[in-house]
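Structural characterization, general
Next come the chains, spelled out residue by residue.
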Amino acid sequence: SQQGEEDPQALSIQEGENATMNCSYKTSINNLQWYRQNSGRGLVHLILIRSNEREKHSGRLRVTLDTSKKSSSLLITASRAADTASYFCATDSFGNEKLTFGTGTRLTIIP
Amino acid sequence: DVKVTQSSRYLVKRTGEKVFLECVQDMDHENMFWYRQDPGLGLRLIYFSYDVKMKEKGDIPEGYSVSREKKERFSLILESASTNQTSMYLCASMGGSYIQYFGAGTRLSVL
């Protein structure tokens, strides 16, 4: 079952601009993660934010979590061509090791 | 670095064939997962395993089975391949952190 829904489905921006993508989910969560997938490859973990955290940074990535709205956003600053990929949010719930993934945002960085 | 290796990047099989997809991880992780990924549907969980010889059905187990005889290896079996099983198959492993580590994927075509 799909828990997360990313928005927008696709995003194209100029290199150097910031990219923001959003994720909404339906049920209470323990953690929320963001993953990146380059075309035709496996997913790579980017960042994990716990349900009691509101914001987290890792390099050029900034993730926010609003549990009252059941939503999260991923901001990539100063985008590069190498950031072109699909981005997925994934959630887990307490006592459940399974992740539920959204359908992803396809990000294209235009050089 | 965690390494998850899927035995084939591309496979072409005929309808009715028995198909084995192999996945090996090198981090002594308890949990392993098989997903399929289709355009517009995101990642859907087929089966997962939380220990040797233990398995649980995911969201779409029909037409698939799994085997986990050793901790590092998790196999997905298509008993009688059908054209609607043409897809990208992704294997992942997970330790205690809820972070999943993915293989590069196997693109399976069933003709």
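For the structure, check the block above.
A short tour of the structure in this document, coming up. Source: prediction; values computed, not measured.

**Description of the pairing of strand S8 (residues 71–76) of chain A**
Residues and elements named next belong to chain A.
- With five of its six residues buried, S8 lies for the most part within the structure.
- Bridge count for strand S3 (residues 19–24) against S8 is six bridges, and the pairing is antiparallel. Among the inter-strand pairings, Ser 24 is bridged to a residue of S8, identified as Ser 71.
- Relative to S8, strand S7 (residues 61–66) runs antiparallel, the two sharing six bridges. From the neighbouring strand, Asp 66 faces S8, where its bridge partner is Ser 71.

**Side note on the interface of chain A and chain B**
- Of the residues lining the interface, 23 residues belong to chain A; the matching set on chain B comes to 24 residues.
- Both sides of the chain A and chain B interface together cover about 1700 Å² of buried area, and 55% of this is carbon and sulfur.
- At the level of secondary structure, the elements contributing two or more residues to the side of chain A that touches chain B comprise strand S4 (31–37), strand S5 (43–50) and strand S9 (85–92) of chain A.
- With four residues, S4 of chain A is the single largest residue contributor to the side of chain A that touches chain B.

**Quick notes on the sheet that holds strand S6 (residues 55–58) of chain A**
Residue and element names in this part refer to chain A.
- The strand order S1-S3-S8-S7-S6 describes an open sheet built from five strands, whose pairing is antiparallel. Unpaired on one side and paired on the other, strand S1 (5–7) and S6 mark the two borders of the sheet. Adjacent strand axes in the sheet meet at a mean angle of 20° when their direction is disregarded.
- Summarising the sheet, S6 and S7 pair through four bridges and their orientation is antiparallel. Paired with Ser 58 across the bridge in S7 is Leu 61.

**Some words on the sheet that holds strand S1 (residues 4–6) of chain B**
Residue and element names in this part refer to chain B.
- Taken together, the four strands give an open sheet; going across it, the order is S1-S3-S8-S7, and neighbouring strands pair in antiparallel fashion. Only two strands of the sheet have a single neighbouring strand rather than two, namely S1 and strand S7 (64–70). Between one strand axis and the next, the sheet turns through 20° on average, direction left out of account.

**Things to note about the pairing of strand S3 (residues 19–25) of chain B**
Residues and elements named next belong to chain B.
- Where burial is concerned, the two faces of S3 differ: the one with Val 19, Leu 21, Cys 23 and Gln 25 is buried and the one with Phe 20, Glu 22 and Val 24 is not.
- Both S1 and S3 contribute to a ladder of three bridges, which runs antiparallel. What sits directly across from Val 4, in S3, is Gln 25.

**Focus on the state of the cysteines**
- What the rule picks out here adds up to two disulfides over all chains.
- What pairs with Cys 23 of chain A in a disulfide is Cys 89 of chain A, and their sulfur atoms sit 2.0 Å apart. On the sign convention where negative means left-handed, the S-S torsion of about 65° between Cys 23 of chain A and Cys 89 of chain A marks this disulfide as right-handed. A residue pair is termed long-range when its members are at least 10 positions apart, and Cys 23 of chain A in strand S3 and Cys 89 of chain A in strand S9 qualify at 66 residues.
- Among the residues examined, Cys 23 of chain A registers a relative accessible area of 2% and is labelled buried.
- The exposure class assigned to Cys 89 of chain A is buried, which follows from its relative accessible area of 1%.
- One disulfide in the model links Cys 23 of chain B with Cys 91 of chain B; its S-S distance is 1.8 Å.

Rules used throughout
- Residues numbered from 1 in each chain as written.
- Chains lettered and ligands numbered in written order.
- Predicted model: local features only at pLDDT ≥ 70, side-chain atom pairs only at ≥ 80, totals over all residues.
- Heavy atoms only, no water.
- Buried < 20%, exposed > 50% of the residue type's maximum accessible area, 1.4 Å probe, protein only.
- Helix = DSSP H or I, 4+ residues; strand = E, 2+ residues; numbered from the N terminus.
- Pairing = 2+ DSSP bridges.
- Contact = heavy atoms within 4.5 Å.
- Buried area = accessible area lost by both parts, 1.4 Å probe.
- Axes fitted to C-alpha atoms, helices over the stretch in contact; angles between N-to-C directions.
- Disulfide = S-S within 2.5 Å.

Everything listed here is a matter of geometry and, on its own, says nothing about what the molecule does.
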